[in-house]
Every structure is written in C-alpha cells, then in structure tokens.
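# Examining the three-dimensional arrangement
One-letter residues, chain by chain:
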Amino acid sequence: MISIDTGECRPSAKKNKDFYLDVIQSLKETPKKLPSKYFYDKEGDSLFEAIMDSPDYYLSRCEMEIFTRQAKQIVDSITAQNLNFELIELGPGNCAKSIHLLHALAAADVSFNYIPIDISENVISRLQLFLPDKIPNLQFNGLAGDYFNALSIHNLLPATRKVVMCLGGNIGNMTIEESNAFCKKLRSYLQPGDQCIIGFDLVKHPAIIKRAYDDRDGLTRKFNLNLLARINRELDADFRIGQFDHYCSYDPLTGSAKSYLVSLSDIAVNISGTIIPFEKDECIWTEISQKYSKDQIREMAVNNGFVQAAAFLDSRSWFMDAVWTAV
Ligand code: AVJ
C-alpha cells in the first residue's frame, strides 16, 4: 500500500484539526451546517452497517443486486476495447459489491490491475489482507489518501487505460452542482476512451425515499445524532444529545433528501472553548442525498466530457450504475 502524505502535521493531529475547523466554520454559517463526511467514525460505520440491513434502506441492496446479477454484462461494457486496464475504485469500503466484478473479470481472463483508493489506511490494509485469498492472481495496488491526490500521483505512472469506479451513494452526498464539479475534475485525470462506473440513486415514489432516511427502527436518527456525540468525544464539546432531534425531508421537485438536527431548546454549546448558541427549533443541516432521473444522469455525462456507454438497473429500477466513456 502507498500512503499519500497530505500535510506537515502527524496524520491524526492534522485530521483532528481539520475536523475542529470544519465543525466550527460550518456551525458559524447561517443556516448552520455540519459536513456529512464526519458521520463515519467507528460508531458511525457500525450504525451505517445497521442502516444497510434495515428493510427501509434500499440503496445498498439495489446496487448489490446489480453487481450480483449483471457482473458479466458490466465486464462486457468495460472490456470492449480488449486492452489491459487499471480498475480504480474510489471509496471501496469492504468491496462487497465490487468483488463480484473482480470475480467476473478474473473469470473472463482479462488483464487488469485493481487499485482501490480510500482516505482510510484501515480500509486499504484490510482489503490487502483478504482480497488476494478470494481472488488468486489479483494484481492489487491500494492507495491510502485523498481521491484526487492519489489519482494525480497515480497519473505519473505509465499511461494505461483506466476504469474508475465510484459506487454506492458516494456521489449522492454531493449537491448536483458539486457532483458536476466532481465529474469534471475526474474527467481531467482521464484520457479519451477511459471509463467510469458511477452509482446513482434514482428518483422514485417520494414516500419510499423519505422512509429510507427516517427508518422505522430509528437507525438513521442514531446515525445523525452520532455526529454530535462524535464532536463531544473528539473535540471536547458538551452537546446534550437528548436536546436534539432528527428530521429529514424529501423534495420530489429537486430530488434532494436532506437531514437535519433540530435543537429542542435555547442552548449554548462549548466546543473546545468556542461557544455556539442554538435557538429552540433551529436546524443544523447535516446531509444531502441527491436522487437523479435517468435523463439527468445521461446529461451529466455529456456536460462533463463523457458519453453514457451503458446503464445497469436493479429489477425495480430504483438504482443505476452508469458506465461512461471519456470523449
Ligand atoms: C453512504 C451516502 C450512500 O446518503 O444514502 C444513509 C448515507 N445517510 N442514511 C446515503 C446515509 C443516511 C448514504 N450514502
């Protein structure tokens, strides 16, 4: 594994400082916000796993169905050029979905190098431990670091065809504007003929979407509130978790599901010496989960230097993995 050093401080000290600065800055905005990337500490990871098992949270099951049932077709869509390639996965997690593609690629006897990139070294070293056993002869080259830092370092290597995978809701946590910027930036690291596979949650009955972010077992509520608990744990803050509520909305006109934490009282919170006041009923916006129509996805490809080569849907057409080719 190669680690990409991003600053002069020790990684953990720097991470904590970034966390602190991001929290203070976002809570000083009007309206207040908190970045959703901080949901995922140890507790948040395990709550997210519980959410994925919830009957109300359909996203991961839909994408899993696509990868278990259509791996062969996905292989066909990325190997049409019959060249060696590098399969780069941004945020691989435990590889539960992509492993089906890796198996199908191995069975199809195509020559490729698998390069998972994750901000967490933990994720990469865990993959390094178990993947080679599952997929003999896998050429594995994990990178720990920021996606684009890793891609640019990787770009120094001899030019090989690239297929970049970004599954799950990765892109869902961006606004439409942010995901266009992300796709444009990604395109700037690619050559014509390179491809990407991107997972998008599709628009569907608004009640189904709303339910996914306000599940019957209150798992999403715990997940959302854990953000405050994490700030208490890591940034020496005194949020009274019971004084905040989980609220989510879904607007079918914009396709945006949004989560908030609502202050139930007038209260001042001390975060490492910085005092942040909350009014009763004031909301902190903590997450966006953007849904797309099939047309919007096709348009997003074209607007950012790609054409859509294939689209894979689950049996209910609730989720899409789009294959785009850089032009
Ligand atoms: C990990 C971004 C796909 O937005 O659906 C799940 C995170 N938040 N429940 C999503 C999440 C609340 C999830 N993604």
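Structure: above.
Residues numbered from 1 in each chain as written. Predicted model: local features only at pLDDT ≥ 70, side-chain atom pairs only at ≥ 80, totals over all residues. Heavy atoms only, no water.

With that out of the way, let us pick up the overall build of the protein chain. What the protein chain contains, in helices and strands, is 11 helices and 14 strands. Against the compact-globule benchmark of 20 Å for 327 residues, the protein chain has a radius of gyration of 20 Å, which places it among compact chains. Across its three principal directions, the C-alpha atoms of the protein chain cover 65 × 50 × 35 Å. Per-residue burial for the protein chain yields a buried fraction of 51% across its 327 residues. For the protein chain, restricting intrachain contacts to residue pairs at least 6 apart in sequence, the fraction spanning at least 24 positions comes to 72%. As displayed, the protein chain offers around 15500 Å² of accessible surface, 51% of which is attributable to carbon and sulfur atoms. Treating the 35 positive side-chain charges of the protein chain as one cloud and the 42 negative ones as another, the clouds have centres 1 Å apart. (Helix = DSSP H or I, 4+ residues; strand = E, 2+ residues; numbered from the N terminus. Rg over C-alpha atoms; globule rule 2.2 N^0.38 Å. Buried < 20%, exposed > 50% of the residue type's maximum accessible area, 1.4 Å probe, protein only. Contact = heavy atoms within 4.5 Å. Areas by Shrake-Rupley, 256 points an atom, 1.4 Å probe, with all protein chains shown as cover. Lys, Arg positive; Asp, Glu negative; His and termini not counted. Charge placed at Lys NZ, Arg CZ, Asp CG, Glu CD.)

With that settled, consider the environment of F244. Tracing the sequence through the fold places F244 in strand β8 (residues 244-251). Residues F244 and S265 lie 21 residues apart in sequence; the distance between their C-alpha atoms is 8.2 Å. Discounting chain neighbours no more than four positions away, the residues touching F244 are R221, L225, L228, F239, V262, S263, L264, I267, F278 and I284.

Moving on: the site of the ligand. Inspection of the region around the ligand gives Y40, F48, Y57, L59, G169, N173, Y213, T220, F223, E287 and S289 as its neighbouring residues. Take N173: an N or O atom from its side chain is 3.3 Å from an oxygen atom of the ligand. Contact between the ligand and S289: an oxygen atom at 2.6 Å from a side-chain N or O atom of the residue. For the shell around the ligand, the secondary structure elements donating two or more residues are α10 (219-235) and β12 (283-290). (Near = heavy atom within 4 Å. Polar contact = N/O pair within 3.5 Å; in protein donor to acceptor, adjacent residues only side chain to side chain.)

All right, on to the packing of aromatic side chains then. Under the definition given, this model contains 20 aromatic pairs. Taking 6.1 Å as the distance between ring centres and 35° as the angle between the ring planes, the aromatic pair formed by F48 and F223 counts as tilted. With a gap of 175 residues between them, F48 in helix α2 (residues 42-53) and F223 in helix α10 connect regions that are remote in the sequence. When its relative accessible area of 3% is taken as the criterion, F223 is described as buried. Between F85 and F112, the aromatic rings sit 5.9 Å apart at their centres with planes inclined by 20°, giving stacked as the arrangement. Taken together, the positions of F85 in strand β2 (residues 85-90) and F112 in strand β3 (residues 112-118) put the pair 27 residues apart, joining distant regions of the chain. Like F85, the residue F112 is buried in the burial classification. Aromatic rings pair up to connect F39, Y40, F48, Y57, Y213 and F223 into one cluster. (Phe/Tyr/Trp six-rings, centres within 6.5 Å; stacked < 30°, edge-to-face > 60°.)

This part is about helix α8 (residues 176-188). For α8, which comprises 13 residues, the first-to-last C-alpha distance of 19 Å matches the rise-based estimate of 18 Å (1.5 Å per residue) to within 8%. Residues of α8 that are buried include every one of S179, N180, F182, C183, L186 and R187, and no others. All buried residues of α8 lie within an arc of 160° about the axis, which places them on one face of the element. Seen from the open side of α8, the exposed residues pointing more than 90 degrees away from its buried face are E177 and S188. (Expected span 1.5 Å × (residues − 1). Arc of directions from axis to C-beta.)

Don't take any of this as a statement about function, it's just geometry.
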